[in-house]
Structure formats: C-alpha cells, structure tokens
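A closer look at the structure
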Amino acid sequence: MSDTRAQTTTTEAPAAPLGAPTTTLDAAFPQPPATPEAPATPTPAPPQHQRTTTVLTPLGLLTVLLGAALPLIDFFIVNVALPTIDRDLHAGPAMLEMVVAGYGVAYAMLLVIGGRLGDMIGRRRLFLWGLAAFGLTSLACGVAPDAWTLVAARVAQGAAAALLLPQVLATIQATTTGTRRAKALSLYGGTAGVSSAVGQVLGGLLVSIDLAGTGWRAVFLVNVPIAAAAWLLAARTVPETRSPRPARVDGPGTALLAAALITLLLPLTEGRAAGWPLWSWVLLAVFPFAATAFVLVERRAERLGRTPLVPPSLLRIPSMNSGLIMLVPFTLGFGGFMFAVAVALQNGLHFGPFAAGVSLAPLCATFFLASLAGPRLVLRFGRRVVIAGSLIQGAGLALLALTVHAGWPGISVAGLAPGMAVLGVGQGLVMPVLMRIVLSELPVTQAGVGGGVMVTTQQSGLALGVATLGTLFLSLLPSIGIRDALLATLLTQLAIVAVTTLLALRLPRTVR
C-alpha cells in the first residue's frame, strides 16, 4: 500500500461512545470491494478498552497546511490588486472596501460554526467540501463581470474559507501528540504569518505579469488549480476525525455571534468609505448589546447542560484565555500594518504591484525562519520567547519608522529590507508560539470548536486592524500626506506592541 495514506495505530483508551467516528482514511467516500490482501469479512469490534486512533503523515500535514494557506493568502492577496480592480470595474472606494470586508466578515462570522460542523460530521469531509467550495468561489471571483458580482463572490469565498480553515487545527490536534504536535502547530503558525505577506507578494507578481491578459483576475484564478491539487492530496493523505461527543449547532448562539461580528466589523470597515452614515453609528451602538446577549445565552446554555457554540468553560482554560487576549492586539496591529504599507508603497513611493509585493519578501523569509526555531526555543525558554519576539517586533517597527522619516520619498526596496527583516523575526517568534500556547491545554474533544474560536479571534483582529489602523492612515492622508500618515500608523502600532509585551507576562511560564 502506498505510504502516502494515513496511518493508524491502536492505543489504550476508554471505549468510544456509541456513534463515535470511524477512523479509516476513506470514511467519507465509498470504496471498491476489498482485495484478497484486505478481506471483505467484517473485522470484529475492538475490545471495550481499545480504540483506533489516526496518525497524520508528513504529506498529510503538508496538505492541510496548504489548505490553511489558501484562505489566509486570499485575505491579503487582493490588497495590491485594488487599484487595477477599480480601473477595470469602475468600483469606487466604498465598493473596493466591500471587496475586502465582504470576505473578512463572512470568514470571521462562520469560523466557529465551521469548527463545530467538523466536530459533528467529520473534519476531513468538511476540509474536502471547503476546498471544493473555495476553488469554485475563487473561479466566480475571477470571472466576475462587475463590482457587485465580485463582492457577492468574495462573501461566498469567505464562507468557504470558514468551512476549510478550522479543520486544519482540529485535525492536527486530533492526530498528533508530543513533539510532533508541537512541530505541526509551529508550522501552522508559521504558515499563518507567512501567508499574510506572501499574499501581497504573490498578488503583486500576478498583477504585474498580466498572465494571459487576466490582470487582477489572476489573483483569484490561481486558487483553482491549487485547490484542486490540494483536494486530490487530501483525499489520500488526510485521516478522518470527529469529536467522540458531537453536539448540535447552537442556533441562538450562532445568530447572536453573527450579529455581534456584523455590527462591529461592517461599520468599521465600510463606515469611512461611505462617509459615516447613520446606519454605521446605529450598528456600532447595537454591538455591545449583541455581544452581551451572546455571552449570557452561552453561559445559560452551558449551565443547563447544553453545548453552546463557544463554551464559556473553554475560555476559562488559562492558556486559551491569556493567549486569546494577547492575540487580539497582535493581529490588529499586523492587519493594519499590511494594509497601510500596501497603500503607502504604491501611492506614496509609486512602486508597481510587483515591487510593492517584493518589499515584503524579507519579512516573509525571516518570519518563516523564526517560526521554525520556535519549537526548540519555547521548550527551553517558555513564554520568554514571546516576550523577546514582541520586543524584536518593536525594534523592527522603530527601524522602519526611522527609514521612512529619513529616506522618504527616495526609499528603495533594498532600503526597506533591514526593517522588514527585523520585524519578520519578531513576528515569527510571537505568532506561532502564541497559537501553540492557546491550544496547548485544549481537550482533543474540543479541538474543532477551540480551533474555530482561535481563528475567529485571529481573523476578527486582522479585520479590526484594517478598519482601525487603516482608517487612521487614510483619514490622515489629506491633511499631513502619505509619509507622515504612515509614520503615525507605525508609531500607533508600536504602542500596540508595548501592550502585547505586557500581556505576554500573563502567559503560562512553560509550554507543553
């Protein structure tokens, strides 16, 4: 049998409950009749003290990481293509922000639901469905004839990403242990960070080469063959897992979470472009009530023995609580930085899409190298790795601010490289380790919902960063110019980094 198939091992464990998932690789698809090497005679059920567990092979890990990279890249890949989309579709500023916000809001709103559905009906199955849907919606984005069609396709693409991404973390949690899990989670964290920068590098490259005359459409069409290849790999290499105690989707909690995210993210991302109309202020006023109602409903559901969408007990796990609280400002600063830099490089320094993307290459490279070193460093130094990474990130931001202040408007790609490289090292030491900390004490039975909560927090933070730091940057442009607006944004992010450094002191001293 090919060694690319998922492997299985048998371990001592309590009996699986009635209806617990099958762990064969092909659980989601019917198989041909068994050959003489695999008799068709039913295998007796394992003893009550045993159950079969699945093991994720290296190729399976690579496959799920590829699936994770697709939606993360697409959150940022469109940034450098926005000017071209505007010229081609006559979209206008408000519509362009909807192209970004529609994806982000749908993505963040449905992530927890995606994790819960994976727990219920199988993570491999949802991963395959998500890949297929992501490929089809990417195709719809790439052939969109007008701006409104593109916005609708981006919303659908965000929903497909929400089905896909939570299954990655949940599969890693359910199929790895010990050092293999630590390495896999660090690689996931590295993938998450690098994908954000790679998205803008790849977007700039695709727009600049104008592949077969597709222009900006290539940033979406490129997903189609990649999603197809990942689907074929996943069908052979990703084992099926699900929660041994699956629960139904929490309808009231789902509706209230959606209301809370929409009333916060939609006005923050669309309000400035639309001139802050009355509806944006009304939605912001509704947000605290929706968020409070969500918390109360979830607490009541857990108190009555039901399974809430986001179990409050999950947030009482020390590693998850402290990690998520730090993840919000970290991702807020990261998302705002990536947006502001993309605009400043093209509109201020007049870089083309390719040069603007390549300017982030040093950040990509050092981020990935630092994320690879994270597993060894965290075993020796614990949370001090995150604290050091946060301080290095601050040094990188300060160096970039000095470069912008002294060299504008004659800064070259090479001139930006030192600051970008230092920034990448710091962020690479923070994000992967922080994600590992968040998930380190999470029970396997809650891998799907826990991963969904973490990624929802991450995506909401990125969207808030674009909305807050992005709005700060754009609102300052008319009065003080691009250089000083960028400096103000960098210094604001530096203040946010100071907050994350203090929050790192709340993290567990050691990491399992």
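These remarks concern the structure in this document. (Residues numbered from 1 in each chain as written. Predicted model: local features only at pLDDT ≥ 70, side-chain atom pairs only at ≥ 80, totals over all residues. Heavy atoms only, no water.)

1. Let's talk about the side chain of Q393
With respect to the helices and strands, Q393 occurs in helix α15 (residues 384-407). According to the relative accessible area criterion, Q393 is buried, its value standing at 2%. If we skip the residues at most four places from it in the chain, Q393 touches F330, L423, G426, Q427, Q493 and V497. (Helix = DSSP H or I, 4+ residues; strand = E, 2+ residues; numbered from the N terminus. Buried < 20%, exposed > 50% of the residue type's maximum accessible area, 1.4 Å probe, protein only. Contact = heavy atoms within 4.5 Å.)

2. Focus: the nonpolar core
Judged by nonpolar contacts, the single largest core of 105 residues is most densely connected at L165, Y188, F337 and M454. Non-local contacts of F337, meaning those with residues more than four positions away in its chain, are made with L363, L397, L400, M420, L423, L469, L490 and Q493. Among the nonpolar cores identified, the runner-up in size contains 25 residues, and I73, V99, A147 and V219 belong to it. (Core = buried A, V, L, I, M, F, W, Y, C linked by side-chain atoms within 4.5 Å.)

3. Observations regarding the environment of R483
Relative to the helices and strands, R483 resides in helix α17 (residues 447-503). Classification of R483 as partly exposed rests on a relative accessible area of 26%. The spatial distance from the C-alpha of R483 to the C-alpha of G348 is 7.3 Å, given a sequence separation of 135 residues. The contacts of R483, once residues within four sequence positions are left out, are V404, H405 and W408.

4. Focus on empty space enclosed by the protein
As enumerated under the stated definition, the model contains two cavities of 30 Å³ or more in all. Within this model, the largest cavity holds a volume of roughly 80 Å³. Lining the largest cavity we find F337, V341, A344, L345, L349, L400, V404, W408, L416, M420, L486 and L490. Counting only elements with at least two residues in the lining of the largest cavity, the list comes to α12 (318-348), α15, α16 (413-439) and α17. Class assignment of the residues belonging to the lining of the largest cavity gives a composition of 12 nonpolar, no polar and no charged. One number sums up the size of the second largest cavity: a volume of about 40 Å³. Forming the boundary of the second largest cavity are F75, F76, N79, V100, G335, F339 and V466. The set of elements that each furnish at least two residues to the lining of the second largest cavity consists of α1 (58-77) and α12. (1 Å grid on protein atoms, 1.4 Å probe; cavity = no way out; pocket = protein on both sides within 12 Å on 5 of 7 lines; lining within 4 Å. Points joined across faces, edges and corners; volume = space filled by probe spheres on them. Nonpolar A, V, L, I, M, F, W, Y, C, P; charged D, E, K, R; others polar.)

5. Description of the packing of aromatic side chains
In this structure the tally under the stated criterion is three aromatic pairs. Pairing W276 with W281 gives two aromatic rings, centres 5.5 Å apart and planes at 35 degrees, and the pair type is tilted. (Phe/Tyr/Trp six-rings, centres within 6.5 Å; stacked < 30°, edge-to-face > 60°.)

6. As for the side chain of T471
The residue T471 is located in helix α17 in this model. Dropping the residues within four chain positions of it, T471 is found in contact with L268, R272, W276 and V466.

7. Thoughts on the pattern of salt bridges
On inspection of all chains with the given rule, the structure shows five salt bridges. Where R154 meets D74, a salt bridge forms, and the shortest distance between an N and an O atom there is 3.7 Å. Here D74 lies in helix α1 and R154 lies in helix α5 (residues 147-175), a separation of 80 residues in the sequence. On the basis of relative accessible area, R154 is assigned to the buried category, the value being 0%. Among the residues examined, D74 registers a relative accessible area of 0% and is labelled buried. (Salt bridge = Lys/Arg side-chain N within 4 Å of Asp/Glu carboxyl O.)

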